[in-house]
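Structural characterization, general
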Amino acid sequence: MCLNNDRSKIPIVLTAFGTTSRAMKTYAVVDKVVRMHFPGHDIRWAYTSRVVKDSARKEGREIKSPSEVLNDLAAEGHSWAVVQSLHLLCGHEFYRMIDEISNHIVRVSVGLPLLSSPMDYGRMADVIGRAFPAYDLEATVLIGHGTDHPAWSSYLAFLWVLRRRFGPRFFIGVIEDGMPTMEDTLKTVMEAGFLKVRLVPLLLVAGRHFQEDLAGSGGSWKCMFEQVGLETVVHCDGIGELPGVADVFCGHIQDAIEVVL
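Now for a look at the structure at hand.

1. Description of the sheet that holds strand β6 (residues 170-174)
Here we have 4 strands laid out as an open sheet, ordered β6-β5-β7-β8, and parallel in their pairing. Both edges of this open sheet fall to β6 and β8 (231-234), since each of them pairs with a single strand only. Going across the sheet, the axis of each strand differs from the next one's by a mean of 25°, ignoring polarity. The pairing of strand β7 (residues 196-201) with β8 spans 4 bridges and is classified as parallel. Within β8, the position partnered with V197 by the bridge is T232. The sheet contacts of helix α7 (residues 182-192) involve β5 (138-144), β6 and β7, and relative to β6 the element is tilted by about 160°.

2. A few points about unusual backbone geometry
The residue after M179, namely P180, is reached through a cis peptide bond having omega 5°. Tracing the sequence through the fold places P180 in the loop between β6 and α7. The backbone of N103 sits at a positive phi, close to 65°, despite the residue not being glycine. Within the fold, N103 resides in the loop between α4 (92-101) and β4 (107-111).

3. Description of the sheet that holds strand β2 (residues 43-47)
Strand order in the open sheet made by the 4 strands is β2-β1-β3-β4, with parallel pairing throughout. The open sheet terminates on both sides in strands that have one partner only, identified here as β2 and β4. Adjacent strand axes in the sheet meet at a mean angle of 25° when their direction is disregarded.

About the criteria used
Residues numbered from 1 in each chain as written. Predicted model: local features only at pLDDT ≥ 70, side-chain atom pairs only at ≥ 80, totals over all residues. Heavy atoms only, no water. Pairing = 2+ DSSP bridges. Helix = DSSP H or I, 4+ residues; strand = E, 2+ residues; numbered from the N terminus. Axes fitted to C-alpha atoms, helices over the stretch in contact; angles between N-to-C directions. Contact = heavy atoms within 4.5 Å.

Here you go:
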């Protein structure tokens, strides 16, 4: 086996949770930006969700976990790789990824999730502010998945940065574990006096299930906001395709490469 030690061309493994719907369009945008920033590097993809892997195999598609991709790189002679997390927060899924790749024969430098440093929060606030400009009496409500990991507070930290830059028109809520809940968010929007609401998934990719929670029939966020008389529209896509998001990940990849070098 010929050992590949050219660290200036270290492989980059983009690692996403994955989704069973519409993800590839978003991932293609991220892939294009990363390849533009890091020409000559071998770019691979890995996915941490077992459900997504099983679904892909039933459809005849083969996708790999981070450890499987690292096994391939080891067989090709690579001794080091960057594994770039495409998670939003340093929560459960990120640390499961870390556990999976720890002590691998290929040494790994990890790129952190999207919201990891004060600079990340500021850059992402600018991305969101440009993508969703102010409209008269309209609130922009960013809706995340939620987590019971201590990283749940990242949602509130991001809200603080958004409001410091753009004022009180931004709100954040979560679908599942943690806070602010849908009821909390609805109450604060009403108390602030907004008449219109724009619901935006705060996820790299908003899968089918998440979209149903936002805009489906029954007890969705859209239904609940409309029931109290608020004019409500839903932005159906995750944030992964917004200009500037992939650039934040590229900054983390560069940080990880500099650790290697």
